[in-house]
Amino acid sequence: MTAPTDPAAPQEAPVIGSTTAWVPWLLTVVLFSLVVAMSVGILKSLDGAGWAEAVLSGGTAFGTSIGICLGGVAAVRELKRPR
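A brief structural summary. Because the structure is predicted, anything quoted here is derived from the model rather than measured. The residue numbers shown here count from 1 along each chain, following its written sequence. In keeping with the predicted nature of the model, local features appear solely for residues at pLDDT of at least 70, side-chain atom pairs appear and are counted solely at 80 or more, and the whole-chain, interface and lining totals rest on all residues. Each side-chain value is derived from all of the structure's non-hydrogen atoms; neither hydrogens nor water enter the calculation.

A count of helical and extended segments in the protein chain gives 2 helices and 0 strands. Looking at the 83 residues of the protein chain, the share that counts as buried comes to 14%. The contact definition used throughout considers only heavy atoms, calling two residues in contact when any of these lie within 4.5 Å. Counting contacts in the protein chain only where the partners sit at least 6 residues apart, residues at least 24 apart contribute 63% of the total. Only carbon and sulfur atoms are counted for the fraction: they give 72% of the accessible area of the protein chain, which is about 6,800 Å². Every helix listed is a DSSP run of H or I at least four residues long, and every strand listed is a run of E at least two residues long, numbered separately from the N terminus. Partly exposed describes any residue whose relative accessible area lies between the buried limit of under 20% and the exposed limit of over 50%, with all areas from a 1.4 Å probe on protein chains only and scaled to the type maximum. Only the protein chains shown count as cover for residues, with accessible areas throughout obtained via the Shrake-Rupley method and a probe of 1.4 Å.

Shown next as structure tokens:
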């Protein structure tokens, strides 16, 4: 049996499509971070570094850029939220 709802209690409006809006953003962030990582790896290998050092630098660049991008998207989402 379900409990009756109190009509005086404020009801949250369901957010329709909020999870589907994250999919293009997440895809864009991942692809951008991959481009950054590949660029850093290529530049590092052209500088004369070994294969392992170039991959490590590219991975560091990927992690840093995806963190910055996700932080930026979250900040914009918070700023657009109604108060």
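One side-chain nitrogen of Lys or Arg within 4 Å of one carboxyl oxygen of Asp or Glu is enough to make a salt bridge. Following the criterion strictly, the structure yields 2 salt bridges and no others. Close ionic contact of Glu 53 with Lys 44 constitutes a salt bridge, the shortest N to O distance being 3.5 Å. Owing to a relative accessible area of 41%, Glu 53 belongs among the partly exposed residues under this scheme. The class of Lys 44 is partly exposed, set by a relative accessible area of 26%. With its nearest N and O atoms 3.0 Å apart, the salt bridge here joins Glu 78 to Arg 81.

This brings us to the environment of Thr 64. Secondary-structure assignment places Thr 64 in helix H2 (residues 51-80). Put simply, Thr 64 and Ala 37 are 27 residues apart on the chain and 9.4 Å apart in space, counted from C-alpha to C-alpha.

Here we come to H2. With 30 residues, H2 extends 43 Å from end C-alpha to end C-alpha; this agrees with the ideal 44 Å at 1.5 Å per step. Among the residues of H2, Ala 54, Ser 57, Gly 58, Ala 61, Ser 65, Ile 66, Cys 69 and Val 73 are the ones counted as buried. A helix's residues, less one, multiplied by 1.5 Å, set its expected span.

Residues forming no salt bridge and having over 30% relative accessible area are the ones grouped into patches, like charges within 9 Å of each other and nonpolar side chains (Val, Leu, Ile, Met, Phe, Trp, Tyr) within 5 Å. Where nonpolar side chains cluster on the molecular surface, the patch consists of Met 38, Ile 42, Leu 43 and Leu 46 and spans about 470 Å² of accessible area. With relative accessibility at 49%, the residue Ile 42 sits in the partly exposed group.

With that settled, the discussion passes to the side chain of Ser 65. With respect to the helices and strands, Ser 65 occurs in helix H2. Polar contacts, as counted here, are pairs of nitrogen or oxygen atoms within 3.5 Å of one another; within protein the pair requires one atom able to donate a hydrogen and one able to accept it, and residues that are adjacent in sequence qualify only if both atoms are side-chain atoms. One polar contact links the side chain of Ser 65 to the main-chain carbonyl oxygen of Phe 62, over a distance of 3.2 Å. Those residues in contact with Ser 65 that sit more than four places away from it in its chain are Ser 33 and Val 36.

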